[in-house]
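Here is what each chain is made of, one letter per residue.
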There are 2 protein chains.
Amino acid sequence: MTVGIKDVALAAGVSVATVSRVIGNGPVSEALRSRVEDAIRATGYRPNLSARRLRSQHSQTIGLIVSDIRNPFFTAVSRAVEEAAYHAGMRVILCNSDENPERELLYLRLMQEERITGLIFAPTRTTLDGLDGIGLDFPVVLIDRGGPSGGHDAVVLDNAQAAATLVDHLHAQGYRRIAGLFGNTSTTGVERHDGYRAAMAARGLEADARFIPPYAEAAETEVARWLGGPDRPDAVVVSNSLLLMGVVKAVRGLGLSIPGDLALAGFDNEPWTELVGPGLTVIEQPVHDIGRTAMELLFERLDAPARPARKVVLSGTCVVRGSTAGSKSLAGAAVP
Amino acid sequence: MTVGIKDVALAAGVSVATVSRVIGNGPVSEALRSRVEDAIRATGYRPNLSARRLRSQHSQTIGLIVSDIRNPFFTAVSRAVEEAAYHAGMRVILCNSDENPERELLYLRLMQEERITGLIFAPTRTTLDGLDGIGLDFPVVLIDRGGPSGGHDAVVLDNAQAAATLVDHLHAQGYRRIAGLFGNTSTTGVERHDGYRAAMAARGLEADARFIPPYAEAAETEVARWLGGPDRPDAVVVSNSLLLMGVVKAVRGLGLSIPGDLALAGFDNEPWTELVGPGLTVIEQPVHDIGRTAMELLFERLDAPARPARKVVLSGTCVVRGSTAGSKSLAGAAVP
DNA sequence: GTTTTCAGTGTAATCGTTTTCAGAATGCCG
DNA sequence: CGGCATTCTGAAAACGATTACACTGAAAAC
């Protein structure tokens, strides 16, 4: 038989209300408080969170839905979120959607049943579009995928600018045939593509972009074909680290060198990017800040439900490494 | 006002019991069932999980405590666990202990308050020792760190054998001065060290092992010092991927080459190990199997609480890559 | 034709807390 | 010394579901 608040009350010779007040730091005389605390220790009492949540109507729980926790970006964000949550005395429910709208719906439903306090969510494009129609009764903060400033708070990277930075950097290093490889499920891919395209246009270069599914294998086969074809690029901007990995594999598979045969620039400064080949040039996202800011937005929203939605745009830092060191193209460009 | 089971009952013209039975697939006539289902849809009713758990005394929740979800090993395991859990209609509570015994205690307490059904746990050595004294009222399955076959179910890698495999492989490639670098917080470090030491002894080689805190930086400085010292090894067996990363950094920082100046063999076949330098030789752990097996053990334990504890030992696969390609030592060994 | 089953349904008790409300005790003031 | 805040404390009513139990009517068994 598990010990409940009644048993503690009995042991301490007080009412259950008093025990509850001791736990919740309510007004209790010192004498009783210590008697109750002794009783709690003696009985090994642990409050039942389900009962507590039911009665108090506070779940003290925030939901976190990401596409895949194995993506280091989300791993890092989730740690930041959890840290902030536990500091605020809250719990986190983590769900992996696998970029699958059905699973997202399933988990949104779960969140409602858990009566969560608020949600931090990195939705697919399809779910993002229908989000307002679902009738969620808790605030939502979008991360990573902001969308076109819908009615929700959001914290995102300045994707367009980051992509443009990479293009500019490659251009400055003398590369001209700069291709782009983007994931096709999230809005980040779209935004980064836009930035890429704009920067290319600004330089008077011809854009050559492809959208593919967010798997390393997809990138690998795509790039292998690309490098064998007629429109062979001499540099590639890659939309995320998973795809970047695929590209590296393809290049190595073909026995080509980085940056000699193909320069590479991507997103997410993961530890290994420093160690691969000459080091990979990447945009470093402020992952921890993203998680923390999302929690801040959420808390502020809970404080003031009526305030207009805000979108926080953080900018990334360009970490330059050997994978974009100039360049035979530079020499080539000097010829004519 | 949130809609409760009463509102649904009212809308459908039935009692709350009937609504509850519809939800729980209890015995209800077809006519009423569809009327209730319509009412649920119409009202947008979502059952309150706290209430349900309180009354039914089933939390349908399993706990998962790991040291750090950013460690790809645990990331992968957690996905496997979640997958199995959601298949069984259960939820997962994930906690990061950061290898900190205090936090572990904190989270164990949380688990009790959540009245979880069972726990999957990768404990530090200190917590493992005191685990029986805590009086947990749910079954525990240990992962990654089994300990000396305590009273708990566990699923672990055959660490000693895996480490020995790496030593044997390095020996076969002609290396003789084979050092070992191990994490000092978990039992895995200890077991891998034992395997390393035994294999070295069996070959008549002198072991040279060091235990360090589980951070890449620690490995980096340690190895930098090591390579500058008099006992400079020509190969290193490294206990986990975080440390392995540190070692690679150190070697590159010193401008040395792999495997020319130092051969490397480690644990965990993460995607990037294939891409670094000539590729890193590693022991691949069956991460997904570990998670799945842990859940299976847990379910079986729930079925049969009395059955004696079982320890499942899985073996890893040695993935050979360039970082252990033989070797100037081989030439050296041929001289005398 | 009467008695048993039995499937389907409703009523009310229950899970373990928090919280409202009212009462008891204390101190202060006039 | 009586009245009035002020502070603690306890009894009892929620919270929103599940489930034990009693009941109904129809079908089956005698």
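The model shown is predicted, which means the values in this text are computed figures rather than measured ones.

### Considerations on the overall build of chain A
In step 1: Along its length, chain A carries 13 helices and twelve strands.
In step 2: In terms of overall size, chain A is more extended than a compact globule, its C-alpha atoms giving a radius of gyration of 26 Å where 336 residues would be expected to give roughly 20 Å.
In step 3: In terms of its C-alpha atoms, chain A occupies a principal-axis envelope of roughly 95 × 40 × 30 Å.
In step 4: When the 336 residues of chain A are sorted by exposure, 52% land in the buried category.

### Digging into the UniProt feature "domain: HTH lacI-type" (unreviewed entry) in chain A
In step 1: Taking the numbering used here, the UniProt-annotated feature "domain: HTH lacI-type" (unreviewed entry) corresponds to residues 3-56 of chain A.
In step 2: Within residues 3-56 of chain A, the helical portion is 70% and the strand portion 0%, while the C-alpha atoms at the span's ends are 20 Å from each other.

### With respect to the domain arrangement of chain A
In step 1: According to the domain assignment, chain A consists of domain 1 (5-54), domain 2 (61-157 + 287-315) and domain 3 (159-285 + 319-328).
In step 2: One C-alpha centre belongs to domain 1 of chain A, the other to domain 3 of chain A, and the line joining them spans 60 Å.

### Structural notes on the packing of helix α2 (residues 16-23) of chain A against helix α3 (residues 30-43) of chain A
Residue and element names in this part refer to chain A.
In step 1: Orientation of α2 relative to α3, taken along the N-to-C sense of each, is 90°, at an axis distance of 10 Å. Between α2 and α3, the angle is such that the two are roughly perpendicular. Where α2 approaches α3, its residues Thr-18, Val-19, Val-22 and Ile-23 are matched on the opposing element by Leu-32, Arg-33, Val-36, Glu-37 and Ile-40.
In step 2: The residue inventory of the contact of α2 with α3, partitioned by class, reads six nonpolar, one polar and two charged.

### Focus on the packing of aromatic side chains
In this description, an aromatic ring pair is defined by two values, namely the gap between the centres and the angle between the planes.
In step 1: Overall, the coordinates contain eight aromatic pairs over all chains when judged by the stated rule.
In step 2: Where Phe-182 of chain A meets Tyr-196 of chain A, the ring centres are 5.6 Å apart and the plane angle is 55°; that geometry is what we call tilted. One end of the pair, Phe-182 of chain A, is in strand β6 (residues 178-183); the other, Tyr-196 of chain A, is in helix α9 (residues 187-202), and 14 residues separate them in sequence. Each member of the pair Phe-182 of chain A and Tyr-196 of chain A is classed as buried.
In step 3: Counting every residue linked through ring pairs, the aromatic cluster contains Phe-182, Tyr-196 and Phe-211 of chain A.
In step 4: The aromatic ring of Phe-267 of chain A is capped on one face by Arg-192 of chain A, whose charged end is 3.9 Å from the ring centroid.
In step 5: Here the guanidinium or amino end of Arg-210 of chain B rests over the ring plane of Trp-226 of chain B, the centre of that ring lying 3.9 Å away.

### Structural notes on the protein's contact with DNA strand D
In step 1: Around DNA strand D there are 22 residues in total, and Thr-18, Arg-21 and Arg-55 of chain A together with Ile-5 and Ser-20 of chain B lie nearest to it.
In step 2: Counted by atom, the contact set of DNA strand D within 4 Å of the protein is 62% sugar and phosphate.
In step 3: One of the side-chain nitrogen or oxygen atoms of Ser-29 of chain A is found 2.6 Å away from a phosphate oxygen of DNA strand D.

### With respect to the relation of the copies chain B and chain A
In step 1: Under the fitted operation, chain B is carried onto chain A by 0.0 Å of movement along the axis and a turn of 180°, and the coordinates agree to an RMSD of 0.0 Å. Considering both components of the superposition, the chain copies are consistent with a two-fold axis.

### A word on the environment of Ala-218 of chain B
Residues and elements named next belong to chain B.
In step 1: By the element assignment, Ala-218 lies in helix α10 (residues 216-228).
In step 2: What makes Ala-218 buried here is its relative accessible area of 18%.
In step 3: Residues Ala-218 and Leu-243, spaced 25 residues apart in sequence, show a C-alpha to C-alpha distance of 7.7 Å.
In step 4: With residues up to four places along the chain from it excluded, the contact list for Ala-218 reads Ile-212 and Pro-213.

### Here we look at the interface of chain B and chain A
In step 1: If you look at the interface, chain B gives 46 residues, while chain A gives 45 residues.
In step 2: Broken down residue by residue, the surface that chain B buries against chain A is led by Arg-46, Arg-79 and Leu-275 of chain B, which jointly contribute 18%.
In step 3: If you look at where chain B meets chain A, you find ten salt bridges.
In step 4: Here Arg-91 of chain B makes a salt bridge to Glu-114 of chain A, at a shortest N to O gap of 2.9 Å.
In step 5: Residue assignment for the side of chain B that touches chain A shows that the elements contributing at least two residues are α4 (49-56), α5 (72-87), β2 (91-96), α6 (101-114) and α11 (241-253) of chain B.
In step 6: It is α6 of chain B that contributes the most residues to the side of chain B that touches chain A, seven residues altogether.

### A few points about the pattern of salt bridges
In step 1: Tallied over the full model, the rule gives 36 salt bridges over all chains.
In step 2: With its nearest N and O atoms 3.1 Å apart, the salt bridge here joins Asp-68 of chain B to Arg-79 of chain A. Of this pair, Asp-68 of chain B sits in the loop between β1 (61-66) and α5 while Arg-79 of chain A sits in helix α5 (residues 72-87), on two different chains.
In step 3: Residue Arg-203 of chain B pairs with Asp-168 of chain B through a salt bridge whose shortest N-O separation is 3.3 Å. Linking Arg-203 of chain B in the loop between α9 (187-202) and β7 (208-212) with Asp-168 of chain B in helix α8 (residues 159-172), this pair joins segments that are 35 residues apart in sequence.

### Observations regarding the sheet that holds strand β8 (residues 235-238) of chain A
All names here are of chain A.
In step 1: Sheet architecture is open: six strands sit in the order β7-β6-β8-β9-β10-β12, paired in mixed fashion. This sheet does not close on itself; its edge strands, each paired only once, are β7 (208-212) and β12 (317-319). Taken over all neighbouring pairs, the strand axes of this sheet differ in orientation by 20° on average, direction set aside.
In step 2: Here strand β10 (residues 281-284) pairs with β12 via three bridges, running antiparallel. Bridging from a neighbouring strand, Val-282 pairs with Val-319 of β12.
In step 3: Sitting on the sheet, α9 touches β6, β7 and β9 (263-267), and the angle it makes with β6 is about 165°.
In step 4: Relative to β9, helix α11 (residues 241-253) is tilted by about 160°, and along the sheet it contacts β6, β7, β8, β9 and β10.

Parameters and conventions
Residues numbered from 1 in each chain as written. Chains lettered and ligands numbered in written order. Predicted model: local features only at pLDDT ≥ 70, side-chain atom pairs only at ≥ 80, totals over all residues. Heavy atoms only, no water. Helix = DSSP H or I, 4+ residues; strand = E, 2+ residues; numbered from the N terminus. Rg over C-alpha atoms; globule rule 2.2 N^0.38 Å. Buried < 20%, exposed > 50% of the residue type's maximum accessible area, 1.4 Å probe, protein only. UniProt positions renumbered as here; feature names shortened; annotations may be inferred. Domains from an automatic or database assignment. Axes fitted to C-alpha atoms, helices over the stretch in contact; angles between N-to-C directions. Parallel < 35°, antiparallel > 145°, perpendicular 65-115°, else oblique. Contact = heavy atoms within 4.5 Å. Nonpolar A, V, L, I, M, F, W, Y, C, P; charged D, E, K, R; others polar. Phe/Tyr/Trp six-rings, centres within 6.5 Å; stacked < 30°, edge-to-face > 60°. Lys NZ or Arg CZ within 6 Å of the ring centre and 35° of its normal. Near = heavy atom within 4 Å. Polar contact = N/O pair within 3.5 Å; in protein donor to acceptor, adjacent residues only side chain to side chain. Least-squares fit on C-alpha atoms with pLDDT ≥ 70 in both. Buried area = accessible area lost by both parts, 1.4 Å probe. Salt bridge = Lys/Arg side-chain N within 4 Å of Asp/Glu carboxyl O. Pairing = 2+ DSSP bridges.

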